[in-house]
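Examining the three-dimensional arrangement
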Amino acid sequence: AQTVTQSQPEMSVQEAETVTLSCTYDTSESDYYLFWYKQPPSRQMILVIRQEAYKQQNATENRFSVNFQKAAKSFSLKISDSQLGDAAMYFCAYRGPRANQGGKLIFGQGTELSVKP
Amino acid sequence: NAGVTQTPKFRVLKTGQSMTLLCAQDMNHEYMYWYRQDPGMGLRLIHYSVGEGTTAKGEVPDGYNVSRLKKQNFLLGLESAAPSQTSVYFCASLQDPYGVLTFGAGSRLTVL
């Protein structure tokens, strides 16, 4: 069975600095999808970034980028120029490649990011 | 606004009581999901549905039942609530198995 592991329960970063959140996963598939979600105190789940495993280029969305290491099964999230509004719980998630897998996501345990002014 | 609506947002139950959480989406999505969120454990899939009239078990289905009689609604039932079911419950929907999930705002359930 696929698993997703976030080994950092909490992280802290100074405003305007850069922080990297770690995520590893286990799968026997060669193609799959990976996601990072942000959950602010409002509890709403917000998609931050998405990566298809067949794409070698790392995905980026403004200040957010990923370091996708397929062989190491690692998918870290880098937040540049951190802002107070980045403070949230961040979840890494995996989705398998086949339609008959139901499109469901498998989530990691989450990393609580705090941003210091 | 289009999206996923969960009802109720908060509920307190006593052990042994029953209740139903309602998830409604107005985007004509085929796929719907129920997750529970607990501290240190992320979101875990309870049940899901790949279309009207279908349901399937997720990672933690015990103690829950679901129904998808109408495409837009996905109901999560607790027949006999237990304190271990105290959690925040999220519903989500998806148009196709490769798309982006749309989440509801969550429902906080406390079982005393």
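These remarks concern the structure in this document. (Residues numbered from 1 in each chain as written. Chains lettered and ligands numbered in written order. Predicted model: local features only at pLDDT ≥ 70, side-chain atom pairs only at ≥ 80, totals over all residues. Heavy atoms only, no water.)

1. As for the environment of B:Ala92
Residue and element names in this part refer to chain B. This is how the line gets drawn: Under the scheme used here, helices are H or I runs from DSSP no shorter than 4 residues and strands are E runs no shorter than 2 residues, and both carry numbers assigned from the N terminus. Contacts were defined at the residue level, with two residues in contact if any of their heavy atoms lie within 4.5 Å.
Note on placement: Ala92 falls in strand S9 (residues 87–94). Considering only alpha carbons, one finds Ala92 and Cys23, 69 residues apart in sequence, at a separation of 8.3 Å. For Ala92, the residues in contact, after removing those within four places along its chain, are Tyr31, Met32, Tyr33, Leu101, Thr102 and Phe103.

2. Considerations on the interface of chain B and chain A
Inclusion rule: When two parts are brought into contact, each loses some accessible area as probed by a 1.4 Å sphere; the total of that loss over both is the buried area. We define a salt bridge as a side-chain nitrogen of Lys or Arg found within 4 Å of a carboxyl oxygen belonging to Asp or Glu. We call two N or O atoms a polar contact when they sit within 3.5 Å, provided that within protein one can donate a hydrogen and the other can accept it, with sequence-adjacent residues counted only if both atoms are side-chain atoms. For this classification, the nonpolar set comprises Ala, Val, Leu, Ile, Met, Phe, Trp, Tyr, Cys and Pro, the charged set comprises Asp, Glu, Lys and Arg, and every other residue, Gly included, is treated as polar.
Facing 27 residues of chain B, the contacting portion of chain A comprises 21 residues. It is B:Leu43, B:Tyr98 and B:Phe103 in chain B that bury the most area against chain A; as a group they hold 30% of the surface buried on that side. Between chain B and chain A we count 0 salt bridges in total. The interface formed by chain B and chain A includes 13 residue pairs in polar contact (both at pLDDT 80 or more). Partitioning the side of chain B that touches chain A into residue classes produces 18 nonpolar, 7 polar and 2 charged.

3. Considering the packing of aromatic side chains
Residues and elements named next belong to chain A. Put simply, the test is: Ring pairs are drawn from Phe, Tyr and Trp, using the six-membered ring of Trp, whenever the two centres fall within 6.5 Å, and their geometry is named by plane angle: stacked under 30 degrees, edge-to-face over 60, tilted for the rest. Buried residues are those whose accessible area, probed at 1.4 Å on protein chains only, stays under 20% of the maximum for their type, while exposed residues exceed 50% and partly exposed ones sit between those limits.
Inspection of the entire model under this criterion finds 18 aromatic pairs over all chains. Geometrically, the ring pair formed by Tyr32 and Tyr94 is tilted, given 5.5 Å between the ring centres and 35° between the ring planes. Here Tyr94 lies in strand S10 (residues 88–95) and Tyr32 lies in the loop between strand S4 (24–26) and strand S5 (33–39), a separation of 62 residues in the sequence. For Tyr94, a relative accessible area of 1% puts it in the buried group.

Interpretation note: all reported values are geometric properties and have no functional meaning in isolation.
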